[in-house]
Amino acid sequence: MPRFNTLMDVFKLLEKSNCRKCNEKTCLAFAAAVIGGRRPLSDCPLVDPEIAREVDGQAPKRVNVQQEVENQLAKLKAQLRQVDFTDAARRIGAAYDGRRLVVKVMGKDFGLDADGTVYTDIHANPWVTTPIVNYILHCKGTPVKGEWVPLRELPSGADWYRLFGQRCEKPMQKVADGYPDLFSDLVDLFNGRPAGEQFQSDVALILFPLPLVPLLVCYWQAEDGMDSNLNLFFDVTAEENLGIGGLYALGAGITRMFEKLALRHGISA
């Protein structure tokens with residue numbers, strides 16, 4: 001078995017039941033401890049013992065998540081030189097001016113040239129830029145159907161949805177809880193669109209992080225002793241146009257963007 005390169009490599013091997021038999025709060029927390037070299041995989045009593053012995057016999061490889069994302073982005077950008085931007089513009093719903101491929105990201109222009117140089121007014125951290133480059137490289141151009149599903153119902157979502165909930169939905173919920181004007185500001189700043197009353201949530205907002213990958217945000221406010229809740233939904237075609245890893249990275253990037261937006265307004269997320 002190869003060494004783990006990402007937290008997801010560890011997480012896939014776990015039962016994901018959050019049983020706490022390893023004395024960590026969640027399986028995700030245990031996976032982070034393993035990938036960080038602080039715990040052996042064999043500390044999970046539910047992992048196949050043979051796999052655990054093989055993995056524990058390898059020298060632990062510490063992973064800097066931020067550096068990992070930056071390295072991945074650099075590799076993806078290197079592939080842009082092989083892309084026909086004219087063809088890509090037609091396939092992904094973008095525009096090409098002869099030099100830059102311009103994609104609408106949250107309603108704003110996001111330009112990239114063949115060298116991977118970014119031209120945009122939005123905060124283009126690696127978590128945001130990585131899924132955009134992935135989209136350019138791998139989007140199949142499948143038309144959006146308008147059928148919304150949670151990440152777990154996408155073809156490859158079963159292994160990712162718990163991680164997605166921990167790293168995307170819960171942090172975004174925390175931002176929404178502390179930032180009452182978040183959703184009205186998203187409409188104004190990022191061309192969000194109210195989704196209508198059929199979703200039976202206090203807020204239902206459609207965002208367009210990428211032309212063929214819309215995102216539905218549903219938020220329920222805390223009331224009558226019930227905690228607040230926030231769920232994200234994708235079009236059923238989303239995995240064809242970005243890939244499951246790209247959807248996770250997109251959710252993480254948008255969450256970080258919202259956290260920075262909250263800080264800009266003097267609100268601690």
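Predicted, not measured: the structure shown is a model, and the values here were computed from it. (Residues numbered from 1 in each chain as written. Predicted model: local features only at pLDDT ≥ 70, side-chain atom pairs only at ≥ 80, totals over all residues. Heavy atoms only, no water.)

### Quick look at the sheet that holds strand 9 (residues 229-235)
Spatial strand order, 5-9-8-7-6: 5 strands in an open sheet with antiparallel pairing. Two strands in the sheet have a free side with no partner beyond their single neighbour: strand 5 (148-150) and strand 6 (193-194). Of the pairings in the sheet, the one linking strand 6 to strand 7 (residues 203-210) comprises 2 bridges and is antiparallel in character. Bridging from a neighbouring strand, arginine 193 pairs with isoleucine 206 of strand 7. Contacts from helix 10 (residues 244-264) reach strand 7, strand 8 (213-220) and strand 9, with the element oriented near 110 degrees to strand 7. (Pairing = 2+ DSSP bridges. Helix = DSSP H or I, 4+ residues; strand = E, 2+ residues; numbered from the N terminus. Contact = heavy atoms within 4.5 Å. Axes fitted to C-alpha atoms, helices over the stretch in contact; angles between N-to-C directions.)

### Focus: the pattern of salt bridges
Scanning all chains against the criterion turns up 5 salt bridges. The partner of aspartate 87 in a salt bridge is arginine 90, with the nearest N and O atoms 3.9 Å apart. Of the two residues, aspartate 87 and arginine 90 both sit in helix 5 (residues 85-92), 3 residues apart, roughly one turn of that helix. On the accessibility criterion, aspartate 87 (36% relative accessible area) is partly exposed. Note on arginine 90: relative accessible area 63%, which makes it exposed. Through salt bridges with shared partners, one network takes in Glu24, Arg39 and Asp43. (Salt bridge = Lys/Arg side-chain N within 4 Å of Asp/Glu carboxyl O. Buried < 20%, exposed > 50% of the residue type's maximum accessible area, 1.4 Å probe, protein only.)

### Brief notes about the side chain of threonine 237
Here threonine 237 lies in the loop between strand 9 and helix 9 (238-242). A relative accessible area of 2% places threonine 237 in the buried class. Among the polar contacts listed, one links the side chain of threonine 237 to the side chain of aspartate 235, at a separation of 2.6 Å. The residues touching threonine 237, leaving out its near neighbours within four places in the chain, are Thr142, Pro143, Val144 and Lys145. (Polar contact = N/O pair within 3.5 Å; in protein donor to acceptor, adjacent residues only side chain to side chain.)

### So, the sheet that holds strand 2 (residues 101-105)
Pairing is antiparallel in the open sheet, where 4 strands are placed in the order 1-2-3-4. Each edge of the sheet is formed by a strand with only one pairing partner; in this case those strands are strand 1 (95-96) and strand 4 (118-120). Where strand 1 meets strand 2, 2 bridges bridge the pair, whose relative direction is antiparallel. Bridge pairing in strand 2 places tyrosine 96 opposite leucine 101.

### Observations concerning the packing of helix 6 (residues 126-138) against helix 10
Between two packed helices, both the angle of their axes relative to each other and the distance between the axes serve to describe the pair. Close contact between helix 6 and helix 10 brings their axes to 8 Å; oriented N to C, the two are set at 145 degrees. The chirality of how helix 6 crosses helix 10 is left-handed. Mapping the contact onto sequence places Trp127, Val128 and Pro131 in helix 6 and Gly246, Tyr248, Ala249, Leu250, Ala252, Gly253, Arg256 and Met257 in helix 10. A per-class count over the contact of helix 6 with helix 10 returns 8 nonpolar, 2 polar and 1 charged. (Left-handed = near helix turned anticlockwise from the far one by under 90°. Nonpolar A, V, L, I, M, F, W, Y, C, P; charged D, E, K, R; others polar.)

### Examining the state of the cysteines
One pass over the structure, following the stated rule, counts 0 disulfides. For the unlinked cysteine cysteine 168, the closest cysteine sulfur is that of cysteine 218, found at 16 Å. Exposure remark for cysteine 168: the relative accessible area of 0% places this residue in the buried category. The exposure class assigned to cysteine 218 is buried, which follows from its relative accessible area of 2%. (Disulfide = S-S within 2.5 Å.)

### Some details on the packing of aromatic side chains
Within the structure shown, the criterion is met by 4 aromatic pairs. Centroid distance phenylalanine 183 to tyrosine 219: 5.4 Å. Interplanar angle 35 degrees. Geometry classified as tilted. Linking phenylalanine 183 in helix 8 (residues 182-190) with tyrosine 219 in strand 8, this pair joins segments that are 36 residues apart in sequence. You'll find phenylalanine 183 and tyrosine 219 in the same group, each marked buried. Of note, lysine 16 hangs over the ring of phenylalanine 11, and the distance from its end group to the ring centre comes to 5.6 Å. It is arginine 100 that lies over the ring of tyrosine 119; its NZ or CZ is 3.5 Å from the centre. (Phe/Tyr/Trp six-rings, centres within 6.5 Å; stacked < 30°, edge-to-face > 60°. Lys NZ or Arg CZ within 6 Å of the ring centre and 35° of its normal.)

The values are spatial; any link to function lies outside them.
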